[in-house]
Amino acid sequence: MTDKLYEEDAYLREFEAEVTGCVPAEGGWLVTLDRTAFYPEGGGQPADTGTLGGARVLDVHEKEGEILHTTDAPLPVGERAAGAIDWEARFSRMQQHTGEHIVSGIIHRLFGLDNVGFHMGRDAVTIDLNGELTADDLARVERLANEAVWENLPVGAEYPAPEELASLDYRSKKELTGRVRIVTVPGSDVCACCGTHVRRTGEIGVIKLLTSQRYKGGVRVWLLCGDRALTDYNEKNAQAYAVSGMLSAKVGELAGAVERMQAENDALKLRAARLQEELFRYRASVVEEGATYALLFEDAMEPPALRRFCLALCERCGVAAVLSGSEREGWKYAAGSAHSDVRPLGRELNAAFSGRGGGSPELVQGTLSGSREEIENFFRSRV
């Protein structure tokens, strides 16, 4: 079994160890050591990366007590190798993990809910709870969690004796056997955990609950701590001030400014739609009333507009069709009639021009491929 240095000292950045095994594997080599400071993926925390000897450590897993390091180059068995952890990433995970302990512990203490899922993702940390919390509940939790940070409390990690463990009230996602490592944040959490944590809560810096949603009968909460919370704040702050400048509104008044802009945009869309309807009726009026068919090719017209224009034309002729696109990129089409079922026509169009689409007896829509001349000849011969 590998001696897990990260459990003894999560701040150990560099170490030396004997290479006890090295075998080829998918993506590189699997290297084992007599001891390691590399944390293996587990318990929701990603694996450490770094360097080992002359190789890059790409991933780390544990199997039956042995730590397997995936490296991009082989290492000689029996020799000693120097290892170095990517410290910035490790410390950030220590901040996130300890912050999660505080949040989950407070939620358990106040509301009796259990953390049944924990994941340190690319965008945020998520915790899944087996019950629901209101926005006010989460605001209270966030405030108490940050008070625990400001108190700069010691974070303890130890292996209690079996008799002590039996009388200890601690959180755990599953039944545990053997030696159990207990992580304690005074006043906030007592939890079984094998991850890496900061020594004192002040090192977390800040805990920010981002959002939440209902999930599998409970609630999923997104949060960030420390450096990741600061990065997230800086990015959103920059975006907020950029939008503030665009809307000529103070940052604290952005929601109201956006609502006004949306209302103005909706009004403009409605006016544009009415004008478009008038335009379609005007253009349809030049089609000879009672004509067998009308076929028009339009520039850059989207399917909803194609449909409305086609229906306006249907009032003047037997069958109307409007197409938009090009011979190179293909055509979007709408075909309709106020007098006959156009679905057979749509099927013929699709068959003749590798098309896709369908619709109702009054109107069919879809896409076609072919030349303008071929499509014109199709309508002359069939309609």
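Check the entry above for the structure.
Remember, it's a predicted structure, so these values are computed and weren't measured experimentally.

Caption draft 1: The arrangement of the overall build of the chain in detail. Each helix and strand in the chain was counted, giving 9 helices and 20 strands. Out of the 383 residues in the chain, the part that is buried amounts to 43%. Accessible area of the chain: about 20900 Å², with a carbon and sulfur share of 49%. Separation between the mean location of the 43 positive side-chain charges and that of the 59 negative ones in the chain comes to 6 Å.

Caption draft 2: Quick peek at unusual backbone geometry. Backbone geometry places S248, a non-glycine residue, at a positive phi of 55°. Structurally, the position occupied by S248 is in the loop between α5 (226-247) and α6 (254-284). Of note in this structure, A300 is not a glycine but carries a positive phi near 45°. Counting through the fold element by element, A300 comes out in the loop between β16 (291-298) and α7 (303-314).

Caption draft 3: Summary view of helix α9 (residues 372-382). Along α9, the positions that sit buried rather than exposed are I375, F378 and F379. Within α9, the buried residues cover an arc of 90° as seen down the axis, which keeps them to one side. Turned more than 90 degrees from where α9 packs its buried face, E373, R380 and S381 sit exposed.

Caption draft 4: Geometry of the pairing of strand β8 (residues 80-85). Along β8, the buried face is formed by A81, G83 and I85; none of R80, A82 and A84, which line the opposite face, is buried. The pairing of strand β2 (residues 14-25) with β8 spans 5 bridges and is antiparallel. Within β8, the residue paired with E18 across the bridge is R80. Pairing geometry for strand β5 (residues 50-52) and β8, over 3 bridges, is antiparallel. Each bridged residue has a counterpart across the sheet, and for L52 the counterpart in β8 is G83.

Caption draft 5: View of a negative patch on the surface. Together, D3, E8, E18 and D34 make up a region of like negative charge exposed at the surface. Mapping D34 onto the fold places it in the loop between β3 (28-33) and β4 (35-36).

Caption draft 6: Representation of the nonpolar core within the structure. The biggest cluster of nonpolar side chains holds 33 residues, and the ones touching the most others in it are I102, V103, I107, I207 and L223. Every element with two or more residues in this core is listed here: α2 (87-111), β9 (115-120), β10 (125-129), α3 (135-150), β12 (182-185), β14 (207-215) and β15 (218-225). The biggest single contributor to this core is α2, with 6 residues. Beyond its immediate sequence surroundings of up to four residues, L223 is in contact with E100, V103, A124, V125, I127, I207, K208, L209 and L210. Residues Y6, A17, F38 and A81 belong to the second largest nonpolar core, which totals 20 residues.

Caption draft 7: Structural context of the pairing of strand β17 (residues 317-326). Taken across its 10 residues, β17 has 7 buried, putting it largely inside the fold. With 7 bridges joining them, β16 and β17 adopt parallel strand pairing. Across the sheet, Y293 pairs through a bridge with V319, a residue of β17. Across 7 bridges, β17 lies against strand β18 (residues 330-336) in antiparallel orientation. Bridge pairing links S326 to G330 in β18. Connecting β17 to the antiparallel partner β18 that follows it, the hairpin turn spans 3 residues.

What counts, and at which threshold
- For every chain, the first residue of the written sequence is number 1, and numbering continues from 1 along that sequence.
- For a predicted model such as this one, the threshold for reporting local features is a pLDDT of at least 70, and the threshold for listing and counting side-chain atom pairs is 80 or more; totals across whole chains, interfaces and linings nevertheless cover every residue.
- Side-chain measures here rest on the full set of heavy atoms in the structure, leaving out hydrogens and waters.
- For the purposes of this entry, the term helix denotes a DSSP run of H or I that reaches at least four residues, the term strand denotes a run of E that reaches at least two, and both are numbered from the N terminus.
- Think of it in three bands: with a 1.4 Å probe and only protein chains considered, a residue is buried below 20% of the maximum accessible area for its type, exposed above 50%, and partly exposed in between.
- Surface accessibility in these figures is a Shrake-Rupley result with a 1.4 Å probe; residues are shielded only by whichever protein chains are displayed.
- Residues counted as positive are Lys and Arg, residues counted as negative are Asp and Glu, and His and the chain ends are not counted.
- Here the site of a charge means NZ on Lys, CZ on Arg, CG on Asp, or CD on Glu.
- The directions considered for the arc are those from the helix axis to the C-beta atoms.
- Any two strands with at least two DSSP bridges between them are considered paired.
- Residues form patches when they are more than 30% accessible in relative terms and have no salt bridge. Like charges link within 9 Å. Nonpolar side chains (Val, Leu, Ile, Met, Phe, Trp, Tyr) link within 5 Å.
- Whenever a carboxyl oxygen of Asp or Glu lies within 4 Å of a side-chain nitrogen of Lys or Arg, that contact is scored as a salt bridge.
- Only buried Ala, Val, Leu, Ile, Met, Phe, Trp, Tyr and Cys residues count toward a nonpolar core, and they belong to the same one when joined by side-chain atoms within 4.5 Å.
- For this analysis, residues touch if any pair of their heavy atoms sits within 4.5 Å.

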